[in-house]
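The primary structure of each chain is shown beneath.
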Amino acid sequence: MGKIQSRKEEHVRICLEEDVQYARGPGFSDIEFLHNSVPELDMGKIDIGTSFFGRKMDAPLIIDGMTGGYPKAKEINKRLAAAAAEHNVPFGLGSQRAMVENPILTQTYAVRDVAPDVFIIGNIGAAQIAHYPIAKIKSALEAIDANALAVHLNALQEAVQPEGDRNFEGVLHAISRLSDSLKIPIIAKETGAGICADSAVRLKNAGVQMLNVSGSGGTSWSKVEYLRGKPVEGFEEWGIPTVVSIVSCAHHLPLIASGGVRSGLDAAKAIALGAKMAAGAHPFLAAKNPADEMGKWKMQLRTAMFLSGCANLEKLGKSRIFVTGRTKQLLECLRVDVSEYAMR
Ligand SMILES: Cc1cc2nc3c(=O)[nH]c(=O)nc-3n(C[C@H](O)[C@H](O)[C@H](O)COP(=O)(O)O)c2cc1C
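Residues numbered from 1 in each chain as written. Predicted model: local features only at pLDDT ≥ 70, side-chain atom pairs only at ≥ 80, totals over all residues. Heavy atoms only, no water.

> Could you give an account of the overall build of the protein chain, with specific residues and numbers?
When its secondary structure is counted, the protein chain shows 16 helices and 12 strands. Relative to the globule expectation of 20 Å for 344 residues, the C-alpha radius of gyration of the protein chain, 19 Å, shows essentially globular dimensions. In the protein chain, the share of contacts with a sequence separation of at least 24, taken over all contacts with a separation of at least 6, comes to 77%. Taken as two groups, the 39 positive and 37 negative side-chain charges of the protein chain have centres that lie 3 Å from each other. (Helix = DSSP H or I, 4+ residues; strand = E, 2+ residues; numbered from the N terminus. Rg over C-alpha atoms; globule rule 2.2 N^0.38 Å. Contact = heavy atoms within 4.5 Å. Lys, Arg positive; Asp, Glu negative; His and termini not counted. Charge placed at Lys NZ, Arg CZ, Asp CG, Glu CD.)

> Account for the site of the ligand, with residues named and values stated.
In the vicinity of the ligand, 25 residues are found, and the nearest of them are K8, G65, S214, T219 and R262. Between an oxygen atom of the ligand and a side-chain N or O atom of K8, the distance comes to 2.7 Å. A distance of 2.7 Å is found between an oxygen atom of the ligand and a side-chain nitrogen or oxygen belonging to S214. The fraction of the free accessible surface of the ligand (600 Å²) that becomes covered by protein chains is 98%. Class assignment of the residues belonging to the shell around the ligand gives a composition of seven nonpolar, 13 polar and five charged. (Near = heavy atom within 4 Å. Polar contact = N/O pair within 3.5 Å; in protein donor to acceptor, adjacent residues only side chain to side chain. Areas by Shrake-Rupley, 256 points an atom, 1.4 Å probe, with all protein chains shown as cover. Nonpolar A, V, L, I, M, F, W, Y, C, P; charged D, E, K, R; others polar.)

> Give a description of the side chain of H87 that names residues and reports values.
In this structure, H87 sits in helix α2 (residues 71-87). Judged by relative accessible area, H87 falls into the buried class, the value being 10%. A polar contact of 3.0 Å, which involves the side chain of H87, links it to the side chain of K298. Every residue in contact with H87, bar those within four places of it in the chain, is listed here: D58, A291, M294, G295 and K298. (Buried < 20%, exposed > 50% of the residue type's maximum accessible area, 1.4 Å probe, protein only.)

> Just give me the short version of the nonpolar core, but keep the residues and values in it.
Within the largest apolar cluster, 94 residues are counted, with the highest numbers of intra-cluster contacts made by F91, V151, L211, I246 and L316. Leaving out residues up to four positions away in the same chain, L316 has contacts with F33, A268, I271, A272, L301, M305, S308 and C310. Grouped together as the second largest cluster of nonpolar side chains are 12 residues, I121, A148, M277 and A279 included. (Core = buried A, V, L, I, M, F, W, Y, C linked by side-chain atoms within 4.5 Å.)

> An account of the pattern of salt bridges is needed here, citing residue identities and associated values.
All chains considered together, the criterion is met by 13 salt bridges. Between K318 and E314 there is a salt bridge, with the nearest N and O atoms lying 3.6 Å from each other. For the residue pair K318 and E314, the accessibility class agrees, reading exposed in each case. Among the charged side chains, a salt-bridge network with shared partners connects R7, E10, E163, E225 and R228. (Salt bridge = Lys/Arg side-chain N within 4 Å of Asp/Glu carboxyl O.)

> Which residues make up helix α7 (residues 171-181), and what are the values?
By the burial criterion, the buried members of α7 are V171, A174, I175, L178 and S179. Seen end-on, α7 carries its buried residues on one side only, within an arc spanning 135°. Across from the buried face of α7, at angles greater than 90 degrees, the exposed residues are H173 and D180. For α7, the secondary structure elements touched by its buried residues are α4 (126-129), α5 (134-143), β7 (148-153), β8 (186-190) and α8 (197-205). (Arc of directions from axis to C-beta.)

Interpretation note: all reported values are geometric properties and have no functional meaning in isolation.
Now the structure itself:
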């Protein structure tokens with residue numbers, strides 16, 4: 001097995017067997033909805049449907065990209081894609097680097113046989129696209145029939161990893177070139193360290209159409225790398241907490257909120273803060289039945305909307321919430337007046 005293949009296998013094993021979650025959370029516990037005792041709604045009629053790059057989705061929820069490139073990944077991807085298809089929500093693949101470098105591994109990413117209509121998000125690293133010819137990336141996306149591409153930003157992981165690719169020079173230019181020549185939209189996706197407003201603006205200018213903030217507070221890639229040995233230590237809690245990243249970026253591009261989203265209630269909070277969609281990675285990998293997990297998240301989202309009096313997602317985006325604790329402190333450092341969320 002090649003180096004990338006065995007690394008991807010080790011990541012899944014470590015994520016399932018060890019505690020690799022950030023000790024400091026994503027900030028959702030600092031957010032509370034203002035309860036509405038007179039919702040005047042029939043919960044059964046609440047509309048959680050949305051559109052995603054022009055396609056109708058049953059919920060604003062996503063199974064985020066994780067794996068591919070080794071034999072067991074094939075089974076994991078099919079299981080997750082089938083769950084996403086059952087609920088008509090988008091599904092992300094893990095980094096396609098292994099198949100770009102060794103096309104025989106394409107079959108470990110291919111899910112169309114179990115999910116013919118699911119919205120597939122392909123995945124490639126920002127540090128890699130600067131080195132790959134565009135034609136190679138295009139054919140990797142065509143091979144899995146991707147509907148969008150997530151370009152992942154994983155500077156933290158590469159920086160602490162002994163064999164990491166630490167050259168991020170020319171990344172924005174590479175994204176810009178790629179966005180000019182791809183027919184499908186590009187999402188810029190962090191991998192657990194969050195995106196700040198300044199980076200959001202630069203990514204938007206490079207042609208990115210959506211951001212997946214993937215903030216800190218969920219799966220910690222520095223913790224995963226520490227367990228693989230010989231990393232640069234001391235960065236276990238590095239990153240912008242997911243809630244802070246959502247608030248920072250929401251005015252710049254449509255957002256997917258991820259990083260420590262652990263329930264449909266967290267997803268509801270993310271949308272109330274300005275995200276369009278919410279995604280989870282680790283919870284769906286760890287779930288005995290990922291389709292049941294998605295069903296649970298949908299029910300929790302609907303319940304939060306009922307109790308805050310929101311008939312649809314647009315109303316949820318303007319609902320009244322309290323921002324407290326460390327999240328309030330961090331946002332005030334960025335000159336955000338958090339009382340506006342409670343008083344709107
Ligand atoms: C086992 C595993 C593998 C992952 N591999 C990738 C990857 O290849 N590409 C990527 O963009 N993100 C990858 N991620 C990051 C997730 O997509 C997500 O951004 C991050 O884990 C935070 O979400 P969570 O807290 O719900 O796990 C991976 C996550 C996990 C748990």
